[in-house]
Amino acid sequence: MKLIFLGTGTSSGVPAVGCRCRVCTSKDPRNKRYRTGVVFQTDGQNILIDTPPELRLALLRAKIRDIAAVCWTHTHSDHLNGIDDLRGFYFLNRKALPCYADERTLKHIRRHFKYIFSPNEPGGGVPRLKLKIIKRKFRIGATTVTPIEIDHGVMSVLGYRIGNIAYLSDVKKVRGKSMKKLKGLDVLITDALRHQPHVTHMNIKEAVEFARRVGARRTYFTHIAHNLDHAETEKSLPRTMRIAYDGLVLKSQII
Ligand SMILES: [Zn+2]
Ligand SMILES: [Zn+2]
Ligand SMILES: [Zn+2]
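Residues numbered from 1 in each chain as written. Chains lettered and ligands numbered in written order. Predicted model: local features only at pLDDT ≥ 70, side-chain atom pairs only at ≥ 80, totals over all residues. Heavy atoms only, no water.

A. Expanded view of the environment of Arg35. Looking at where Arg35 falls in the secondary structure, it is placed in the loop between strand E1 (2-7) and strand E2 (37-42). For Arg35, a relative accessible area of 18% translates into the label buried. As for Arg35 and Gly141, which are separated by 106 residues in sequence, their C-alpha atoms are 27 Å apart. Among the polar contacts listed, one links the side chain of Arg35 to the backbone oxygen of Ser11, at a separation of 2.9 Å. (Helix = DSSP H or I, 4+ residues; strand = E, 2+ residues; numbered from the N terminus. Buried < 20%, exposed > 50% of the residue type's maximum accessible area, 1.4 Å probe, protein only. Polar contact = N/O pair within 3.5 Å; in protein donor to acceptor, adjacent residues only side chain to side chain.)

B. The arrangement of the coordination of the zinc ion (ligand 2) in detail. Around the zinc ion (ligand 2), the donor atoms from the protein are His74 (NE2), His76 (ND1), His152 (NE2) and Asp170 (OD), and they sit 2.2 to 2.6 Å away. For the zinc ion (ligand 2), the single-chain donor residues occur in sequence as H-x1-H-x75-H-x17-D. In this structure the zinc ion (ligand 3) is found 3.3 Å away from the zinc ion (ligand 2), and Asp170 serves as a bridging donor for the pair. Note on His76: relative accessible area 31%, which makes it partly exposed. (Donors = N, O, S within 2.8 Å, 3.2 Å for Na, K, Ca; no water.)

C. Local environment of the nonpolar core. Core analysis: the largest hydrophobic core is formed by 27 residues, its most contacted members being Leu168, Val174, Leu182, Leu188, Phe210, Val214 and Phe221. Every element with two or more residues in this core is listed here: strand E8 (143-152), strand E9 (155-162), strand E10 (165-168), helix H7 (204-214) and strand E13 (241-243). Broken down by element, this core gets its largest block of residues, six residues, from H7. Apart from residues lying up to four places away in sequence, Val174 is in contact with Ile150, Leu168, Met179, Leu182 and Phe210. Among the nonpolar cores identified, the runner-up in size contains 25 residues, and Ile49, Val145, Tyr167 and Ala244 belong to it. (Core = buried A, V, L, I, M, F, W, Y, C linked by side-chain atoms within 4.5 Å. Contact = heavy atoms within 4.5 Å.)

D. Molecular detail of the coordination of the zinc ion (ligand 3). Summarising the metal site, the zinc ion (ligand 3) is bound by the protein donors Asp78 (OD), His79 (NE2), Asp170 (OD) and His223 (NE2), whose distances to it range over 2.1 to 2.4 Å. Here the zinc ion (ligand 3) is ringed by four donor atoms whose angles at the metal span 88 to 168 degrees, and the overall shape comes out irregular. Here the donor residues of the zinc ion (ligand 3) are spaced in sequence according to D-H-x90-D-x52-H. What makes Asp78 buried here is its relative accessible area of 8%. A relative accessible area of 0% places His79 in the buried class. (Tetrahedral: all angles 85-135°; square planar, octahedral: opposite > 155°, others 65-115°.)

E. Quick look at the environment of Leu193. By the element assignment, Leu193 lies in the loop between strand E11 (187-191) and H7. Owing to a relative accessible area of 4%, Leu193 belongs among the buried residues under this scheme. In sequence terms Leu193 and Val171 are 22 residues apart; their C-alpha atoms lie 9.7 Å from each other. For Leu193, the contacting residues outside a window of four places in its chain are Thr10, His198, His201, Met202, Asn203, His223, Ile224, Ala225 and Leu228.

F. Spotlight on unusual backbone geometry. Omega for the bond connecting Val14 with Pro15 falls within 30 degrees of zero, at 0 degrees, which places this linkage in the cis form. Within the element layout of this structure, Pro15 appears in the loop between E1 and E2. Notably, Asp50 is not glycine yet its phi reads approximately 75 degrees, a positive angle. Within the secondary structure layout, Asp50 lies in the loop between strand E3 (45-49) and helix H1 (55-61). The phi torsion at His223 lies on the positive side, around 60 degrees, for a residue other than glycine. Residue placement: His223 occurs in the loop between strand E12 (218-222) and helix H8 (230-235).

G. Representation of the pattern of salt bridges within the structure. Evaluation of the coordinates by the stated rule reveals eleven salt bridges. Among the ionic pairs, Arg30 bridges to Asp28, the shortest N-O distance being 2.9 Å. The buried category is assigned to Asp28, whose relative accessible area is 18%. Three or more residues joined by partner-sharing salt bridges are found here, namely Asp186, Arg217 and Arg218. (Salt bridge = Lys/Arg side-chain N within 4 Å of Asp/Glu carboxyl O.)

Shown next, in the form of structure tokens:
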């Protein structure tokens, strides 16, 4: 199984528009971050997690030519607003794309992207999506996907586990029931916004403590803000914990 990072930046992306800070003007390519999303590549198929605003650019860059399904984590724009780029998969396959999320997220999508689900004028291309509510563990082809409920401030959102890789993009707190779903991980990917505390995201200190509790063989931090310089922050981390960057590909042998 492979996991490809399409984007690793927080909601403003890095560099942030108009910002002249040290990180935003850095020459290190790892300090250039699209909004967060990943692809799980397993059982001969690609499973896309979220549709961030740079979706088209990210898919082209990662050379992802087709996807079997989409799973959304939550309703925030940085995870959703690339939804229109899914239309390409209908042009390619002429069949509706299965898209999974919790009930609240699907309701939000139907309301905010009404044009996708309304009759369209001839010649106008829209994504064709088959929305599916997640209630428990589910399958996409031969792949079992485990949803993990996590707290993103006051909002309950989803992370996903496939095999021994878990992806929690936006998280402040993980409760006991969900901690159980994180046992025996090869790779944990979790939120670590910046050094300063934040109400809806873990900061580096909280993320390191959380990663220790989970005890995965390797941990990668994502959803990174422009306050964190990649190289400098990595130096201060335990060796099993790294900062993800756009284009990074992880391989997990244990499935
Ligand atoms: Zn900046
Ligand atoms: Zn969010
Ligand atoms: Zn986010």
